[in-house]
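The residues making up each chain are set out below.
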Amino acid sequence: MFADKPTLYGKRVTLRPVGPEHADGLWELVNDPETARLTGSHGEFDRTAADIWYGSRGDHDNRLDLAICTSDDDEYVGEVVLNELDAHNLSCNLRIALVGPRVFGRGYGTEAIRLVLDHVFTTTDLHRIGLEVFAFNDRAAHVYRKVGFVEEGVRRDALRWDGRWHDAIVMAILASDWAATGN
């Protein structure tokens, strides 16, 4: 379903298939403490693993990994990924991460999500895209609702961070939801 790795153009961002040329940006992203908290990432990466990861994403037709780059100077500011493809049920997961607070609040994430949703719902048979967002991440939850995601439930105490438990909000958007938004 994701064998085609498109480049998608918006006003603020361009989404490009990730490659080794984006590994410096990925390295910044995985080492930002606020990004780690917002995504619940406890794992540690080494630089070689980052290089290998971004160098191999194009080989997978069951996922779509796109670098979020600014339209004006092509600077890497994050990634948006469709993964966990369930081809039988025409569904997948969406995840997005930005490199850190220096790029928050500029509309990059909102536009990136809209671009990828429009691409997928107009060029594939995908029916449903789901995600989880931690309850403390109000900014992301707001963006997801704004682009059409609907809350489906809550996974209680899904994340333990700094000794405290946090819920995960389960959200999804259907192809029919996207069509109804007029995005």
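Scroll up to find the structure this text is about.
Procedures and definitions
- Residues numbered from 1 in each chain as written.
- Predicted model: local features only at pLDDT ≥ 70, side-chain atom pairs only at ≥ 80, totals over all residues.
- Heavy atoms only, no water.
- Pairing = 2+ DSSP bridges.
- Helix = DSSP H or I, 4+ residues; strand = E, 2+ residues; numbered from the N terminus.
- Buried < 20%, exposed > 50% of the residue type's maximum accessible area, 1.4 Å probe, protein only.
- Arc of directions from axis to C-beta.
- Core = buried A, V, L, I, M, F, W, Y, C linked by side-chain atoms within 4.5 Å.
- Contact = heavy atoms within 4.5 Å.

Asker: Explain the pairing of strand 8 (residues 164-174) residue by residue, including any values.
Answerer: By the bridge criterion, seven bridges tie strand 6 (residues 128-134) to strand 8 in an arrangement that is antiparallel. Counterpart to Ile-129 in the pairing with strand 8 is Ile-173. Across eight bridges, strand 7 (residues 150-161) lies against strand 8 in antiparallel orientation. Considered in strand 8, the bridge of Leu-159 is made with His-166. Linking strand 7 to strand 8, which pair antiparallel, is a turn of two residues; within it Asp-162 sits at a positive phi near 50°.

Asker: Please give an account of helix 1 (residues 23-30) that cites residues and values.
Answerer: Taken together, the buried positions of helix 1 are Ala-23, Gly-25, Leu-26 and Leu-29. Summarising the axial view, the buried residues of helix 1 lie within an arc of 155°, below the 170-degree limit, and thus occupy one face.

Asker: Explain the nonpolar core residue by residue, including any values.
Answerer: Grouped together as the largest cluster of nonpolar side chains are 48 residues, with contacts concentrated most on Leu-15, Leu-117, Ile-129 and Phe-149. At eight residues, the largest contribution of residues to this core is made by helix 4 (residues 108-123). Once residues lying within four places of it in the same chain are set aside, the contact partners of Leu-117 are Leu-94, Ile-129, Val-147, Phe-149, Ile-173 and Trp-178.

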